[in-house]
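Here's the letter readout for the chains.
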Amino acid sequence: MVTLLAAPAEPLTDAGDAQLIVAALLGIAAVVVLIAWGKVHPFLALILGAGVLGVVAGVGAEAIVTSFSGGVGSTVGGVGLLIALGAMIGGLLAESGGADGIVTRIVDRVSGRALPWAMAGVAALIGLPLFFEVGVVLLVPIVLLVAKRTGMSLMKVGIPALAGLSVLHGLVPPHPGPLVAISSLDADLGLTLGLGLLIAVPTVIVAGPVFGNMISRYVPATIPEALLPTRTPAAAGGAERGTAGPGADGPAAAGRRQADVDGELLTEDDLVNPGTGRPGVPVDDSGTETARRAPKFWPAVITVLLPVVLMLLRAIGELALAEDTPGRRVLDIVGTPMVALLAGVIVAMFTLGFQAGFSRKQVSSVLGGSLPPIAGILLIVAAGGGFKQVLVDAGVGNLVADAAKDASLSPLLLLGWLVAVGIRVATGSATVATITAAGIVAPLAATMDRPGVALLALAIGCGSLFFSHVNDAGFWLVKEYFGLTVGQTIKSWSVLETIISVVGFAGVLLLDLLW
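Parameters at a glance
Every chain is numbered independently, its residues counted from 1 as its sequence is written. Under the rules for a predicted model, residues below a pLDDT of 70 receive no local features and side-chain atom pairs below 80 are neither given nor counted, while totals for whole chains, interfaces and linings still include all residues. For the side-chain quantities, the full set of heavy atoms in the structure was used; hydrogens and water were omitted. Numbering goes from the N terminus for both helices and strands, where a helix is a DSSP run of H or I of at least four residues and a strand is a run of E of at least two. Accessible area is worked out with a 1.4 Å probe on protein chains only. A residue is then buried under 20% of its type maximum, exposed over 50%, and partly exposed in between. Counted as a polar contact is a pair of N or O atoms within 3.5 Å, where, for protein atoms, one must be capable of donating a hydrogen and the other of accepting one, and residues adjacent in sequence contribute only when both atoms are in side chains. Contacts were defined at the residue level, with two residues in contact if any of their heavy atoms lie within 4.5 Å. Note on geometry: axes are lines fitted to C-alpha atoms, helical ones only across the stretch in contact, with angles between N-to-C directions running from 0 to 180 degrees. Left-handed describes a crossing in which the near helix is turned anticlockwise from the far one by less than a right angle; the clockwise case is right-handed. Residues are grouped as follows: Ala, Val, Leu, Ile, Met, Phe, Trp, Tyr, Cys and Pro are nonpolar; Asp, Glu, Lys and Arg are charged; all remaining types, including Gly, are polar. Any angle from 65 to 115 degrees is called roughly perpendicular, while one under 35 is roughly parallel, one over 145 is roughly antiparallel, and all others are oblique. Expected span of a helix, by definition, is 1.5 Å for each gap between consecutive residues, and there is one gap fewer than residues. Here the bend at each residue means the angle between axes fitted to two seven-residue stretches, the one ending at that residue and the one beginning there.

Trainee: Please explain the side chain of Ser464 as it appears in this structure.
Mentor: On the secondary structure map, Ser464 appears in the loop between helix 19 (450-463) and helix 20 (473-482). For Ser464, a relative accessible area of 3% gives the class buried. Side-chain polar atoms of Ser464 contact the backbone oxygen of Gly461, separated by 2.7 Å. Beyond its immediate chain neighbours, meaning those up to four positions away, Ser464 contacts Ala420, Arg424, Ala430, Ala433 and Thr434.

Trainee: Help me understand the packing of helix 11 (residues 297-320) against helix 12 (residues 326-334) in this model?
Mentor: Between two packed helices, both the angle of their axes relative to each other and the distance between the axes serve to describe the pair. Contact geometry for helix 11 and helix 12: axes closest at 8 Å, N-to-C directions at 145°. Between helix 11 and helix 12 lies a crossing of left-handed hand. Seen from helix 11, the contacting residues are Leu310, Leu313, Arg314, Gly317 and Glu318; seen from helix 12, they are Arg328, Leu331, Asp332 and Val334. Along the lines of polarity and charge, the residues of the contact of helix 11 with helix 12 split into four nonpolar, one polar and four charged.

Trainee: What is the right way to read the packing of helix 9 (residues 189-215) against helix 19 from this model?
Mentor: For the pair helix 9 and helix 19, the least separation of the axes is 9 Å and the interaxial angle reads 55°. Between helix 9 and helix 19, the crossing angle belongs to the class labelled oblique. The way helix 9 lies across helix 19 gives a crossing that is right-handed. On helix 19, the residues that touch Leu191, Thr192, Leu195, Gly196 and Ile199 of helix 9 are Arg450, Pro451, Ala454, Leu455, Ala457 and Leu458.

Trainee: I keep staring at helix 11 and nothing clicks. Help me out?
Mentor: Helical geometry: 3.6 residues make up each α-helical turn, so side chains three or four residues apart lie on a common side. The end-to-end C-alpha separation of helix 11 is 32 Å, in line with the 34 Å expected for 24 residues at 1.5 Å each. Remark: the principal bend of helix 11, roughly 45°, maps to Leu305, with a proline, Pro307, within the next four residues. If you check which residues of helix 11 are buried, you get Phe297, Ala300, Val301, Thr303, Val304, Pro307, Val308, Leu310, Met311, Ala315 and Gly317. Looking at the buried side of helix 11, the elements it contacts are helix 3 (61-95), helix 4 (98-108), helix 5 (115-126), helix 9, helix 12 and helix 13 (337-353).

In structure tokens form, the structure reads like this:
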């Protein structure tokens, strides 16, 4: 992984330490105030915050623009490609029905007390390639249906699912937060991935089934009937999959049947033609209707795990194989994050696309349609890279490094976690928290060994999940989908996120002691 924050030989300003500290504080404060109070989009807030930082630090206007632009370019080139490829895999997994198949297969084979554990496991599995919001949308109908059929508390089933999604989102690539931290700190992706998975397992257990069982006694959530899935299974011969009910044979229903010729997940609205330059315009797929079939369970699972396995194999090869051996060279190539994710996309085209009955045009449309939803995330990440580069080029990074050069690893991990916690609580954005915290502590990574840098990246990731509340979009997503009040959401979701952050960071400190 190429570092995104290569500090210049000499800072862009000769400002003293006090001026640099004030510049950093005002720059970060500008970002926080603009997002939390001014309701400015994080993309613009980060640009303006970088300008405030540079001006107060005494950096020339032209140098600020050059530094910021360089940070944006290197961030998009390093992290942007990986986020896009991960989104493509997630898009095919969702649209093909592969995610539904994985969830249904696992949930149908367990019952009773094992159900919360199964929900946590399946959420973690499909959470590998899917963004948190997409995972919630896919899992909530299953959670509600399982709770209704079994009579089990909604919290007892839903909290483990949310825990599995959230932990993977905060700690494991190819999610944006972990990728930004890894790139900013020049951490080894394979090693960070492996350590992140080690921390994720106990964290999901504590925050999921254990906490879910406890909080279900205090949050008697009622299943929102309006959100229960109402689809009926497809009839033999590839007949329509839809909802039978009053008025089902009317003109509107006929239109829905026509629009749903390709199955329940892929409709005409989803078939965005990337060649027209007009997002939202349906593809002319007349004559291409195919009998939809769900991807098989094991091919879908293998496709989801393929990029993770390739990156882990590279990390193992670096530890077990000599540098110039053929096997090591092969693993170095196939385990490169971009190559591993690209391989996952190509395999997914066959196992999740063509296997589900999609035509080549439809596979292309799903891949293209998975990119617009991540545009905002990419812009925020890119602007964050520019902010961090100004922070480092102004000399703030060197100041932090000099102040902490004699400290042991644990205080440095605590510093990264606390900075991420503060910005997360203030802005509500895990991505902004990760970006800013990584930029502040990035110079410290140069003094650490490879495991230490990986643990620092994970500490920041844990801090970025702390106490989601009313300024976080995820808070309202969970509230509405689970039909909770604000108070119930704070007792369940906000506390869940805090548990994930604290338990995850405890795991980071434990690995630091054992390494």
